[in-house]
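So the chains spell out like this:
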Amino acid sequence: METDCNPMELSGMSGFEEDAELNGYEGTDMKDMKLEAEAVVNDVLFAVNNMFVSKTLRCADDVAYINVETRERNRYCLELTEAGLRVVGYAFDQVDDHLQTPYHETVYSLLDTISPAYREAFGNALLQRLEALKRDGQS
């Protein structure tokens, strides 16, 4: 099951759709990857044990690193670029240059691949949100 939306924000997604003007590059497609990484973290923090933008590894306009610990207690270092997200290490703040992992267009797809517990948490959050909408509709 591949999921490309956050059940907590069904009406819209943050992340790659950020307005270029917000990043000080009016009229261009440049993005500040640290801001993108922070948005990614905020989107899925509910479904992992721990997730944060690396303070050790360099962030730039074109790359940022995110540390994540899944609910299975596996740790990963993720690289975020215009190409998407990919695993670059199997510990916090670790980049293995020899590791060849595929890019994922979204953090949801990446976590769906590496964490069965993420899928369960995502599904539960989606169900809770749908039940709340149903209750609100009956009021």
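Structure: above.
Note that this is a predicted model, so its numbers are computed, not measured.

Right, let's talk about the sheet that holds strand β3 (residues 75-81) for a bit. Sheet architecture is open: four strands sit in the order β1-β2-β3-β4, paired in antiparallel fashion. With partners counted over all chains shown, the strands left at the sheet margins are β1 (50-53) and β4 (84-89), one partner each. Each neighbouring strand pair of the sheet contributes to a mean axis angle of 25 degrees, computed without reference to strand direction. Where helix α1 (residues 33-44) meets the sheet, its contacts fall on β1, β2 (64-69) and β3, and the angle it forms with β1 comes to roughly 165 degrees.

Scanning the entire structure with this criterion turns up zero disulfides. Free cysteine C59: the closest other cysteine sulfur is in C77, separated by 9.8 Å. A residue is classified by how much of its surface remains accessible, and C59, at 27% relative accessible area, is partly exposed. With a relative accessible area of 0%, C77 lands in the buried category.

Each full turn of the α-helix corresponds to 3.6 residues, which orients residues three or four apart in the same direction. The buried fraction of helix α2 (residues 107-114) is high, at seven of eight residues. For α2, the set of buried residues is V107, Y108, S109, L110, L111, D112 and I114. Elements that come into contact with the buried residues of α2 comprise α1, β1, β2, β3, β4 and α3 (116-138).

The rules we used
Residues numbered from 1 in each chain as written. Predicted model: local features only at pLDDT ≥ 70, side-chain atom pairs only at ≥ 80, totals over all residues. Heavy atoms only, no water. Pairing = 2+ DSSP bridges. Helix = DSSP H or I, 4+ residues; strand = E, 2+ residues; numbered from the N terminus. Axes fitted to C-alpha atoms, helices over the stretch in contact; angles between N-to-C directions. Contact = heavy atoms within 4.5 Å. Disulfide = S-S within 2.5 Å. Buried < 20%, exposed > 50% of the residue type's maximum accessible area, 1.4 Å probe, protein only.

What is shown is where atoms sit, not what they do.
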